[in-house]
Amino acid sequence: RMAAVKLKNLGYEYSPDSSFNAKSVAEKVVPYLLDRNIEFKILKDLFTLSDFNRGVHGYSQIGKFITIYPRNEEDLVAIATELKERTRGYTGPVI
């Protein structure tokens, strides 16, 4: 199946400790993404986030609340570098 799908973008998953910091992380990350027209998706509400963090959608989804789609590898590196600075001090969940 995967061979039949042409992926337009690289997928980069950014997974901060969303249990406690999702709102403040989103406030730091989303404006950056919007200002630069970087495609992303984010969970719609805290109820859904709670489900993800309890493993309702599978243990591999714990802590994931935003997925970013850089246009190329250069963008991936630039985004990762910027988000590292913007979210310094946050830690990811132990899975």
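For the structure given in this document, a descriptive report is provided here.

Conventions used here
Residues numbered from 1 in each chain as written. Predicted model: local features only at pLDDT ≥ 70, side-chain atom pairs only at ≥ 80, totals over all residues. Heavy atoms only, no water. Helix = DSSP H or I, 4+ residues; strand = E, 2+ residues; numbered from the N terminus. Buried < 20%, exposed > 50% of the residue type's maximum accessible area, 1.4 Å probe, protein only. Contact = heavy atoms within 4.5 Å. Core = buried A, V, L, I, M, F, W, Y, C linked by side-chain atoms within 4.5 Å. Salt bridge = Lys/Arg side-chain N within 4 Å of Asp/Glu carboxyl O. Polar contact = N/O pair within 3.5 Å; in protein donor to acceptor, adjacent residues only side chain to side chain. 1 Å grid on protein atoms, 1.4 Å probe; cavity = no way out; pocket = protein on both sides within 12 Å on 5 of 7 lines; lining within 4 Å. Points joined across faces, edges and corners; volume = space filled by probe spheres on them.

1. Notes on the overall build of the protein chain
So, step 1. Tallying secondary structure elements over the protein chain gives three helices and three strands in all.
So, step 2. In the protein chain, buried positions account for 33% of the 95 residues.
So, step 3. Intrachain contacts of the protein chain at a sequence separation of at least 6 include 77% that bridge at least 24 residues.

2. Regarding the nonpolar core
So, step 1. Ranked by internal contacts, the top residues of the largest apolar core, which has 14 residues, are L33, F65, I66 and I68.
So, step 2. Put simply, the parts of the chain that give this core at least two residues each are α1 (18-35), β3 (66-69) and α3 (73-86).
So, step 3. It is α1 that provides the largest number of residues to this core, a total of seven residues.

3. Comments concerning the environment of Y90
So, step 1. Position of Y90 relative to the elements: it lies in the segment after α3.
So, step 2. Considering only alpha carbons, one finds Y90 and V25, 65 residues apart in sequence, at a separation of 8.4 Å.
So, step 3. Y90 has contacts with N21, S24, V25 and K28, leaving out every residue within four places of it along the chain.

4. So, the pattern of salt bridges
Where charged atoms from two side chains of opposite charge come close, those side chains can pair.
So, step 1. For the coordinates displayed, the defined rule picks out four salt bridges.
So, step 2. The salt bridge partner of D75 is R71, with a shortest N-O separation of 3.3 Å.
So, step 3. We classify D75 as buried; its relative accessible area is 18%.
So, step 4. Residues E85 and R88 are paired through a salt bridge, measuring 2.4 Å at the closest nitrogen-oxygen approach.
So, step 5. Relative accessible area serves as the criterion here: at 46%, E85 is assigned to the partly exposed category.

5. Some details on the environment of V25
So, step 1. Among the structural elements, V25 can be located in helix α1.
So, step 2. By relative accessible area, which is 0% here, V25 ends up buried.
So, step 3. As a C-alpha pair, V25 and I66 span 41 residues in sequence and 9.9 Å in three-dimensional space.

6. Quick word on unusual backbone geometry
So, step 1. One non-glycine residue, N37, lies in the positive phi region at around 55°.
So, step 2. Looking at where N37 falls in the secondary structure, it is placed in the loop between α1 and β2 (39-42).

7. Points about helix α2 (residues 46-53)
So, step 1. Listed as buried for α2 are T48, L49, D51, F52 and N53.
So, step 2. By the N-cap criterion, in which a side-chain oxygen at the helix start approaches the backbone nitrogen of a residue two or three places on, α2 is capped by D45, the distance to F47 being 3.2 Å.
So, step 3. Among the residues trailing α2, G55 stands out with phi positive, at a value near 85°.

8. Points about the layout of surface pockets
So, step 1. What the largest pocket holds in volume is close to 150 Å³.
So, step 2. Elements supplying a minimum of two residues to the lining of the largest pocket: α1 and α2.
So, step 3. With four residues, the top contributor of residues to the lining of the largest pocket is α1.

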